[in-house]
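The lines below spell out each chain.
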There are 2 protein chains.
Amino acid sequence: MAAALSEVSGRPRPGGWTRTPHYRLFIKKIPKESGFQFKTKYFQQKVDHFGFSEVSTFKQRYLIADQDWDRNGGPILFYTGNEGDIVWFCNNTGFMWDISKEMKAMLVFAEHRYYGKSMPFGQKAFSDPKYLDYLTSEQALADFAVLIRNLKRTIPGAQNSPVIAMGGSYGGMLAAWLRMKYPHVVIGAIAASAPIWQFENMCPCGSYNTIVTKDFLKSGKGCAESIRNSWGAINKVSSTAEGLKFLSSIFHLCSPLQMDDVESFKGWLSETWVNLAMVDYPYAASFLEPLPAWPIKVVCTHLKDPSLSEELLLKKLFEAVSVYYNYTGNMKCLNISQTATSSLDDQAWYYQSCTEMVMPICADGINDMFEPAKWDFPAFSEDCYKTWGIRPRPDWIATNYGGKNISSHTNIVFSNGDLDPWSAGGVRKSISDTLVAITITDGAHHLDLRSKNPKDPPSVQKARTQEIQYMKKWIEKTKK
Amino acid sequence: MAAALSEVSGRPRPGGWTRTPHYRLFIKKIPKESGFQFKTKYFQQKVDHFGFSEVSTFKQRYLIADQDWDRNGGPILFYTGNEGDIVWFCNNTGFMWDISKEMKAMLVFAEHRYYGKSMPFGQKAFSDPKYLDYLTSEQALADFAVLIRNLKRTIPGAQNSPVIAMGGSYGGMLAAWLRMKYPHVVIGAIAASAPIWQFENMCPCGSYNTIVTKDFLKSGKGCAESIRNSWGAINKVSSTAEGLKFLSSIFHLCSPLQMDDVESFKGWLSETWVNLAMVDYPYAASFLEPLPAWPIKVVCTHLKDPSLSEELLLKKLFEAVSVYYNYTGNMKCLNISQTATSSLDDQAWYYQSCTEMVMPICADGINDMFEPAKWDFPAFSEDCYKTWGIRPRPDWIATNYGGKNISSHTNIVFSNGDLDPWSAGGVRKSISDTLVAITITDGAHHLDLRSKNPKDPPSVQKARTQEIQYMKKWIEKTKK
C-alpha cells in the first residue's frame, strides 16, 4: 500500500507546488518557556467518533489556566489546536493571556489528535496508514466538542459557561468550523488568518504567491525583481558540476548540492520567502525563526540590484536568506532539508494535505516573483498515493463545510493581515452582521493572536479591540 | 465478536423496553403501486465519507420526478429517506406529490444507506458487523449532501435550484439534521413527526406510552383500563400449562405459546397498541396494516368493560387486536413474531438503535396502561454487545446534533400530531421565528405528509398550508 515513511519528502516536487507550503511545515523549535502559568491535563477520547467497531481510545492533551476565571459561569476561551505541539501554540497566543483578566475567562488549549502528545495508537500511529484513518478535521472537531462538554460537566461553576473557540491558521479554520458544525457547543469563534477558502474553486491558486511578492515589492526597490531573476541564475549556474560546487560554497550548504537536488534547493528558497511573508512582524520575534523587526525589509537590504551578474546575484541571495536562517549568526552551514518533513507532526500534516486539506497553490512568474509552477493535482495525487496509499478528495471540504456559501452561520470573526499570503484564502469581506471580516493593515500571519507589543500597528490594536467587543456581545446575549 | 444474525430478536426483553419500538420495526408490506410517476436512478457513493482508507463505493438508489419542475431553477423537494425501502416512503408521502405543481418542484426521494436497494458491500453487508461500521446518520447525511450537490451540478437548470429537505419520523430527524449540519446544501427542512429529543436526558422516557394511553382513554370508555388489566390477566392465566393452551387457542396463535414466550406475547401486544396510536388516521389506510378510519375507536368497541373476568377480558382482547392484524378477515391465525426483526431492514435499524439511535422508552402502569418496565440501559447495552459486538453511545446524538440547544439554526418546521406517541420526543414549541413547531390536533404519525383526503381534520390542512408558506418564504429569500 504505502511506501515507507522515510520516503516522505517535504520538498516541492518538480512540475508544481505539489506540497502545500502551510507554515506547519516549518515548525521545528522546541516550545520555549513563555512564563504563562497553566496545568497540563489529559482527556480520554474515542479514536473513532463516527463508527462503533473501532473501540480504541487515546489521551488528548490540553492545557488549562483558570487563575483569572470567574468561577461562577465565567467564559471559557478555547483554543482549537493546530497541526503541532499545543504548548507552542499556547506560548504563541499571547492575546488570550492578555485578555483573560478583563474577560474573567478560563483559558483552554486543546491539542489536535495525532500531534504533540495526543497520539491515537501511540507509537504505532505512523507505522501504517491504517492507523491514520482517524486523522481528519471532523474527528478533531468531535474531540473538541466532546472535551468541551466534559469540561462543562465536570468543572464546578462551568456548567453555564459560554465557550468561545479561538485559533490561528489551521487552528482558525477549526475554530470557524467548530462554530459552524457545533453551534450548540461554542457560542462564537475568533478565526485568525484562517484560509477556509484556500481550496479548489474557491480562490485563484496564484493569489497566495502574489501576496508574498507584494510584500517584497514594497519592502525595498529591486527586491522582488532580484528574486524573480534568481531562478534563471540558479538554473544556469547549476547546469554544470562546477556551478553546483559554486552554489554549495556560496550558500554554505551543509551538504554539497547534487544535480538532483536543484529543484529541492529552489523549493527551499521559495519556502523561505513565503515564510518571511508569514512572519513579517513589526518587532523582533521568534515565531518560526529568531528574526529582526520587519524581516523582509532587512532581507531586501541585500537585494537592491536585480541586474547584477548571476554570480553576484546569488551571493546577495545568500546574504538575504541568512537573515532568515542565521540572524543570530550561530549557524555554521545551511541545511536545505530544514523545511522538509522530518518530524512526525510534519508527516501528519502531509497526510492531512493528502486527504482533506488539499490547498492549491501555483505561480506564474508574472504576477509573482516565483518560477512558474502550475497546480498539478494529478501529480500531487500520485505522490499521495505512493506515500500513503490513499487519494485526496479535493471537493470534500466544500461539501462538508460549505465553501463560499456560509452565510447562514453566525458569530464568527475572520481576521486577516494584508501581508499574510494565507489571507488569499481567507474571508476578507464581512458576510453579515455576525460573520465579520477584519483586515489588519501591515499584519502578517495572525498577528492579532500574539501578545501585545509597543510596536504593534494601530490596525492590530483595533482588531483586538473589535474581537473583544464581539466576544463580549456574544456572551452578553447568552445571559438574556 | 458478534452472534450470528439469526439470534437477533426484535422482541422487547423481560425487564424493560430494550428495543426501541420505532415504527420501522413494523414495515413488512411490499410497496404498493401508488400511481406516482418517477424514474429510479442510482448514484455512486463512497462507503466512508469520513476516512480515506476504505475506498469501496456503493450505489445509492434515488427516485426522481421532474414533470412539474420549472427547469429554470425551480426548487427541489428532497426526501431524506428513512430506515426502509424508499419506494414505500415515496408512495406514502403524497403531500410532496400534491404540491409539486404549485411549487413547480422537482421531487427527489433518496434511499438511506443499508436499506432497500442501497447496500454498501452488497450481499455481505449483514454477514459481519464490520461491514455495518458505516451505517450511521452522519454517513447518511453526507450521502444526501453529496447527492444533492451532484444533482445540482449535473441536471441542466438545477444549478441554482433551492433545495428543501423533507422527511417523516427518522426521515424527519434526518431532514432537520441535514439543515443543521449542511445549511449550505438545503435552505430549509420540513421535519414531520421527528423525535429528535427522544434521547437520554432530553425527554422523560414515560411520555411516549402516556400519549399512547391518552389515545385509548379518549377513544372509548373502559378501553385503556381494560388493557391495563389485561397484563395481570395474562400473567395469571399463563402461569399454568392449561392457561397457556387457553391463551393460544383464544388468540388463534399460529404457534402455541410456551412458558418462555409469555414476555414476547406481552411485547407483541404492547407493540400493537403503540402501532395503533401511530396510525390512528381519520380515514381507512394501509400504512402499516389495512385499517379502518380511527382504528383505535374500533379497537375500543371491543374493550368496554375492564371488570370482566380474566378469561372474558382476554377473549375481548383478541377481538381488539384482530382489528389491527385481521381487519380484512383473511388471516387464519396470528403470529406473535410478526413484529420481530425478520427483514434486513429490521436488522439495520436494530443496529442503529444499538449505536447512535438510543431512544429510551419506559412504562409505569400508572400514567400509562402498560406493564411497568424501566428503561434498562445496561441490559440494552448487553443485548447490543451480544448481537453486534458493539456498545451504544447514548450521549453522542446530543453532542453531535445539539440536543435541546438548537436555537442557532434556522428554517426548520417541526410538525407533530398530538395523537402520535413520537410527539413526546418532538419539538412542540417554536424556538424562534424560523424554528417553528406546528401541532396537528387529532393527527397521528406524520399525517401531514400523507396525500390530502376529504376526511382530513382542519388542523392538518392548516399545517400543510403553513408548511407551503414557509417553503415559499425560504425560496423567496434565496432570490434576493
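Check the entry above for the structure.
Each chain carries its own residue numbering, running from 1 in the written order of its sequence. Ligands are numbered from 1 and chains lettered from A, in the order in which they are written. Side-chain atom pairs in this predicted model are given and counted only at pLDDT of 80 or more, local residue features only at pLDDT of at least 70, and totals for whole chains, interfaces and linings cover all residues. To obtain the side-chain values, all non-hydrogen atoms of the structure were included, while hydrogens and water were left out.

## Some thoughts on the interface of chain A and chain B
Taken residue by residue, the interface counts 37 residues in chain A and 37 residues in chain B. Buried area adds together the accessible area that both of two parts lose upon being put together, with accessible area traced by a 1.4 Å probe. Taken over both partners, the interface formed by chain A and chain B buries close to 3,400 Å², and the fraction arising from carbon and sulfur atoms is 55%. By the criterion of area lost to chain B, the three top residues of chain A are Phe52, His184 and Arg393 of chain A, representing 26% of everything that side buries. Any Lys or Arg side-chain nitrogen found within 4 Å of a carboxyl oxygen on Asp or Glu counts as a salt bridge. Remark: the boundary between chain A and chain B carries four salt bridges. Each polar contact in these results corresponds to two N or O atoms within 3.5 Å; when the atoms are within protein, one needs to be able to donate a hydrogen and the other to accept it, and residues that are neighboring in sequence are counted only if both atoms are side-chain atoms. Taken together, the links from chain A to chain B amount to 21 residue pairs in polar contact (both at pLDDT 80 or more). Under the scheme used here, helices are H or I runs from DSSP no shorter than 4 residues and strands are E runs no shorter than 2 residues, and both carry numbers assigned from the N terminus. Breaking the side of chain A that touches chain B down by element, the ones donating at least two residues are helix H3 (137-154), helix H4 (170-181) and helix H13 (396-401) of chain A. Ranked by residue count, the leading element in the side of chain A that touches chain B is H3 of chain A, at six residues. We call two residues contacting when some pair of their heavy atoms lies within 4.5 Å.

## Observations regarding the environment of Ile211 of chain B
Residues and elements named next belong to chain B. Looking at the secondary structure, you find Ile211 in helix H5 (residues 207-217). Remark: exposure states derive from per-residue accessible area (1.4 Å probe, protein chains only) relative to the maximum for the residue type, with buried under 20%, exposed over 50%, and partly exposed in between. Taking relative accessible area as the criterion, Ile211 reaches 9% and is therefore assigned buried. Through-space distance from the C-alpha of Ile211 to that of Asp368 is 8.0 Å; in sequence the pair is 157 residues apart.

## As for the environment of Val47 of chain B
Residue and element names in this part refer to chain B. Note that Val47 resides in the loop between strand E1 (39-46) and strand E2 (57-65). Expressed as a C-alpha distance, the spacing of Val47 and Met278, which sit 231 residues apart in the sequence, is 33 Å. In this structure, Val47 is in contact with Glu54, Ser56, Thr57, Phe58, Arg113, Pro120, Phe121, Tyr134 and Gln139, ignoring residues within four places of it in sequence.

## Comments concerning helix H2 (residues 94-103) of chain B
Helical geometry: 3.6 residues make up each α-helical turn, so side chains three or four residues apart lie on a common side. All names here are of chain B. Counting buried positions over the 10 residues of H2 gives seven, a clear majority of the element. Listing the buried residues of H2 in full gives Gly94, Phe95, Met96, Trp97, Ile99, Ser100 and Met103. Close packing links the buried residues of H2 with E2, strand E3 (76-80), helix H1 (86-91), strand E4 (106-110), strand E5 (163-168) and helix H14 (458-478).

## Things to note about the sheet that holds strand E6 (residues 188-192) of chain A
All names here are of chain A. Taken in spatial order, the eight strands line up as E1-E2-E4-E3-E5-E6-E7-E8 in an open sheet, and their pairing is mixed. Unpaired on one side and paired on the other, strand E1 (39-46) and strand E8 (435-440) mark the two borders of the sheet. Mean inter-strand twist for the sheet, computed between neighbouring axes without regard to direction, equals 20°. For two strands to be treated as a pair, DSSP must find no fewer than two bridges joining them. Across eight bridges, the pairing between E1 and strand E2 (residues 57-65) is antiparallel. Along E2, the bridge assignment pairs Gln45 with Phe58. Every axis corresponds to a line fitted to the C-alpha atoms, with the helix fit spanning only the stretch in contact, and the corresponding angles, defined between N-to-C directions, vary from 0 to 180 degrees. H3 contacts E1, E2, strand E3 (76-80), strand E4 (106-110) and strand E5 (163-168) of the sheet and is inclined by roughly 115° relative to E1. The sheet contacts of helix H14 (residues 458-478) involve E3, E5, E6, strand E7 (412-417) and E8, and relative to E8 the element is tilted by about 160°.

## Points about the sheet that holds E1 of chain B
All names here are of chain B. The strand order E1-E2-E4-E3-E5-E6-E7-E8 describes an open sheet built from eight strands, whose pairing is mixed. Each end of this open sheet is capped by a strand with a single partner; those strands are E1 and strand E8 (435-440). In this sheet, neighbouring strand axes are inclined to one another by 20° on average, regardless of whether the strands run parallel or antiparallel. Two elements, E5 and strand E6 (residues 188-192), share five bridges in a ladder whose sense is parallel. Paired with Ile164 across the bridge in E6 is Gly188.

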